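Descriptive structure summary
Residue-level listing of the chains:
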Protein chains: 2
Amino acid sequence: MSSESLTSERILDTAEGVLRRHGIAKTTVVDVARALGVSHGSIYRHFPTKVSLHDAVAARWLARVADPLADIAHEDGPADERLRRWLRTLAEAKRRKVLDDPELFHTYHTLAEQARGVVDEHVRELTDQLTRIIRDGAAQGRYRVASPEAAARGVFDATVRFHHPAHSREWGHPGVDADFDVVVTMIQSALAASGAEGGERESGV
Amino acid sequence: MSSESLTSERILDTAEGVLRRHGIAKTTVVDVARALGVSHGSIYRHFPTKVSLHDAVAARWLARVADPLADIAHEDGPADERLRRWLRTLAEAKRRKVLDDPELFHTYHTLAEQARGVVDEHVRELTDQLTRIIRDGAAQGRYRVASPEAAARGVFDATVRFHHPAHSREWGHPGVDADFDVVVTMIQSALAASGAEGGERESGV
């Protein structure tokens, strides 16, 4: 392979294959270089350490979750429908990953646990998307919130059972879809709640 | 020790001590009998298997969380205040356990993971308590919910980040108390939301 064609994307494609076949411990710069048939020096130019390689693999995995959600966040339609679809899409993406290949899901989850900065950035990106939807809902006269940012964090936290990998074993349970609907409807009610209603208090978030 | 004084409580006290010092694997009927200086036959009359002993230890641990919450559920005051205090007390009890003795917390958590029936019963007890508070809130004219049972499950699910052991590492983070307040206030808004508000939809839960 010529060094011109050795892009970061190409390295990460190969790193994913190595990860899939051999696990985290065997996904080092040297192992990926061997799989690509190049010197490990040429990989180091893109990823100077195993940690930076692992972080990049985790970031790409998480981007595959976040990118379709960004599309929903940037639509123009009614915020209530987009919020529910955004949350459903997030939960479904996670559930599909764990049901399709539990072992690979576990491997990526472990990788992400070690890449806390990458995960924090991912959560920030997701709550930014939620903030956009909630802000649209306020502009549409549907939501009444003092702080869309705080509300977005609240929505993310309140739905953690349906998208955090620690709860993946519960996602196959019967009833989990009904549980999801109850929580999302509660969230929508809270975001829409009038500050006037109840008299003495604000809309809550 | 005479066999009369060998109550289940006494056995569980000792089993807890053995668990604390030696972990789950060494907390068997034989080990507990040895620690008590009795024959294991006399333990088997109370706990016929290691599993039944472990389940009873897990159940007692969980009861220490649930019992103070039952008191709040059975009070007569305003539901909003009781709901917030109930959730705060649950979160604080879990947080105190993990910060005081992370290793013991982890041991009990592992034990509970293996005692799914016990945990399911615990969750049922907690959601029953929440149902009582929400029903009181409806009677007080504060909450408007179609199904207090479904709402209770929703409240429990929406606060999972603050009481499920899988999230225990997050409980020491700065900001977690603020996150808790946002979610609880959202929940209270949702429970109080008028069915009339928004026109086309019910109060949500």
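Residues numbered from 1 in each chain as written. Chains lettered and ligands numbered in written order. Predicted model: local features only at pLDDT ≥ 70, side-chain atom pairs only at ≥ 80, totals over all residues. Heavy atoms only, no water.

**Description of the overall build of chain A**
Heads up, the rule is: Only DSSP runs of H or I with at least four residues qualify as helices, and only runs of E with at least two residues qualify as strands; both kinds are numbered from the N terminus onward. Accessible surface area values rest on a Shrake-Rupley calculation with a 1.4 Å probe, where residue burial reflects the displayed protein chains alone. His residues and chain termini do not enter the charge count, which takes Lys and Arg as positive and Asp and Glu as negative. Lysine's charge is taken at NZ, arginine's at CZ, aspartate's at CG and glutamate's at CD.
Each helix and strand counted, chain A has 10 helices and zero strands in total. Helices (α) and strands (β) of chain A occur, in sequence order from the N terminus, as α-α-α-α-α-α-α-α-α-α. The principal-axis extent of the C-alpha atoms belonging to chain A is close to 70 × 35 × 25 Å. With an accessible surface of roughly 9,400 Å², chain A has 53% of that area assigned to carbon and sulfur atoms. One finds the centroid of the 27 positive side-chain charges in chain A at a distance of 4 Å from the centroid of its 31 negative side-chain charges.

**Some remarks on the domain arrangement of chain A**
Often, the extent of an interface is quoted as the loss of accessible area on bringing the components together. Residue and element names in this part refer to chain A. The following threshold applies: Per the annotation, domain bounds derive from an automatic or database assignment of domains. Contact criterion: two residues are considered in contact whenever any of their non-hydrogen atoms come within 4.5 Å of each other. Each of two parts loses accessible area, computed with a 1.4 Å probe, when they are put together; buried area is these two losses added. Salt bridges, as used here, are contacts in which a Lys or Arg side-chain nitrogen is within 4 Å of a carboxyl oxygen on Asp or Glu. Polar contact is defined as a pair of N or O atoms within 3.5 Å, subject to the rule that within protein one atom must be able to donate a hydrogen and the other to accept it, and that residues adjacent in sequence are counted only when both atoms are side-chain atoms. Classification used: nonpolar for Ala, Val, Leu, Ile, Met, Phe, Trp, Tyr, Cys and Pro, charged for Asp, Glu, Lys and Arg, polar for all others including Gly.
You can read the domains of chain A as domain 1 (3–44) and domain 2 (57–192). Once you take the C-alpha centre of each, domain 1 and domain 2 turn out to be 31 Å apart. At the junction of the two partners, domain 1 supplies eight residues and domain 2 supplies 10 residues. Buried surface at the junction of domain 1 and domain 2, both sides included, amounts to about 870 Å², of which 62% is carbon and sulfur. There are four salt bridges connecting domain 1 and domain 2. For Glu9, the salt bridge is made with Arg60, and the minimal N-O distance between the two is 2.8 Å. There are five residue pairs in polar contact (both at pLDDT 80 or more) connecting domain 1 and domain 2. Across the side of domain 1 that touches domain 2, the residue classes break down as four nonpolar, no polar and four charged.

**Examining the packing of aromatic side chains**
What counts is decided by this rule: Stacked, edge-to-face and tilted labels apply to pairs of Phe, Tyr and Trp rings (six-membered ring for Trp) whose centres lie within 6.5 Å, assigned for plane angles under 30 degrees, over 60, and everything in between, in that order. Categorising residues by exposure relies on relative accessible area from a 1.4 Å probe, with only protein chains included: less than 20% of the type maximum marks a residue as buried, more than 50% marks it as exposed, and the intermediate range marks it as partly exposed.
Counted by the stated rule, this structure contains eight aromatic pairs over all chains. Seen in terms of ring centroids, A:Phe105 and A:Trp171 are 6.3 Å apart; in terms of plane orientation they differ by 75 degrees. Their pairing is edge-to-face. Placement of A:Phe105 in helix 6 (residues 102–114) and of A:Trp171 in the loop between helix 9 (160–163) and helix 10 (176–192) is noted, with a sequence separation of 66 residues between them. Taken together, a centroid distance of 5.5 Å and an interplanar angle of 90 degrees make the contact between B:Phe162 and B:Phe180 edge-to-face. Of the two residues, B:Phe162 sits in helix 9 (residues 160–163) while B:Phe180 sits in helix 10 (residues 176–192), which places them 18 residues apart along the sequence. Given a relative accessible area of 3%, B:Phe180 falls into the buried group.

**A closer look at the pattern of salt bridges**
Across all of its chains, the model carries 46 salt bridges over all chains by this definition. The closest approach of N and O atoms between A:Asp179 and A:Arg161, which form a salt bridge, is 2.8 Å. One end of the pair, A:Asp179, is in helix 10; the other, A:Arg161, is in helix 9, and 18 residues separate them in sequence. Take A:Asp179 and A:Arg161: they sit in the same class, and that class is buried. Here B:Arg95 makes a salt bridge to B:Glu92, at a shortest N to O gap of 2.7 Å. Note that B:Arg95 and B:Glu92 are positioned in helix 5 (residues 79–100) at a spacing of three residues, about one turn of the helix. In this structure B:Arg95 comes out as buried when scored by relative accessible area, which is 15%. Classification of B:Glu92 as partly exposed rests on a relative accessible area of 25%.

**Brief notes about helix 1 (residues 8–22) of chain A**
All names here are of chain A. To keep things clear, this is the line we draw: Expected span, for any helix, means 1.5 Å times one less than how many residues it has.
Taking 1.5 Å of rise per residue, 15 residues should cover 21 Å, and helix 1 covers 20 Å from first to last C-alpha, within 8% of that figure. Taken together, the buried positions of helix 1 are occupied by Ile11, Leu12, Thr14, Ala15, Glu16, Gly17, Val18 and Leu19. Those residues of helix 1 hidden inside the fold are in contact with helix 2 (29–36), helix 3 (40–44), helix 4 (50–73) and helix 6. Phi turns positive one or two residues past the end of helix 1, at Gly23, with a value near 90 degrees.

**Concerning the side chain of A:Glu16**
Residue and element names in this part refer to chain A. Considering the arrangement of structural elements, one finds Glu16 in helix 1. A distance of 3.5 Å separates polar atoms of two side chains, one belonging to Glu16 and the other to Arg60. If sequence neighbours within four positions are ignored, Glu16 has contacts with Val57, Arg60, Arg64 and Tyr108.

**Points about a negative patch on the surface**
Keep this limit in mind: For patches, a residue must show more than 30% relative accessible area and have no salt bridge; joins then use 9 Å for like charges and 5 Å for nonpolar side chains, namely Val, Leu, Ile, Met, Phe, Trp and Tyr.
Taken together, the side chains of A:Asp67, A:Asp71, A:Glu125 and A:Asp128 make up a negatively charged region of the molecular surface. In this structure, A:Asp128 sits in helix 7 (residues 116–139).

**Focus on the UniProt feature "DNA-binding region" (unreviewed entry) in chain A**
This is how the line gets drawn: UniProt positions are given in the numbering used here, feature names are shortened, and annotations may be inferred rather than shown by experiment.
Feature annotation in UniProt assigns "DNA-binding region" (unreviewed entry) to the following positions: residues 28–47 of chain A. Secondary structure content for residues 28–47 of chain A is 65% helix and 0% strand, and the end C-alpha separation is 10 Å.

**Describing the UniProt feature "domain: HTH tetR-type" (unreviewed entry) in chain A**
UniProt marks residues 5–65 of chain A with the feature "domain: HTH tetR-type" (unreviewed entry), using the numbering shown here. Taken as a whole, residues 5–65 of chain A contains 72% helix and 0% strand, while its terminal C-alpha atoms sit 27 Å from one another.

**Remarks on the environment of B:Thr49**
Assignment of secondary structure puts B:Thr49 in the loop between helix 3 (40–44) and helix 4 (50–73). Classification of B:Thr49 by relative accessible area gives partly exposed; the value is 38%.

**Overview of the packing of helix 4 of chain B against helix 5 of chain B**
Residue and element names in this part refer to chain B. Note the cut-off: Axes here mean lines fitted to C-alpha atoms, for a helix over just the part in contact, with angles spanning 0 to 180 degrees between N-to-C directions. By the definition adopted for this analysis, an angle is roughly parallel if under 35 degrees, roughly antiparallel if over 145, roughly perpendicular if from 65 to 115, and oblique otherwise. Whether a crossing is left-handed or right-handed is set by the direction in which the near helix is turned from the far one by less than a right angle, anticlockwise for left-handed and clockwise for right-handed.
Running from N to C, helix 4 and helix 5 point in directions that differ by 160 degrees, and their axes come no closer than 9 Å. Overall, the two elements helix 4 and helix 5 adopt an arrangement that is roughly antiparallel. In terms of crossing hand, the pair formed by helix 4 and helix 5 is right-handed. Note on element contacts: helix 5 touches helix 4 through Arg82, Arg85, Trp86, Thr89, Leu90, Lys94 and Lys97, opposite Trp61, Val65, Leu69, Ile72 and Ala73.

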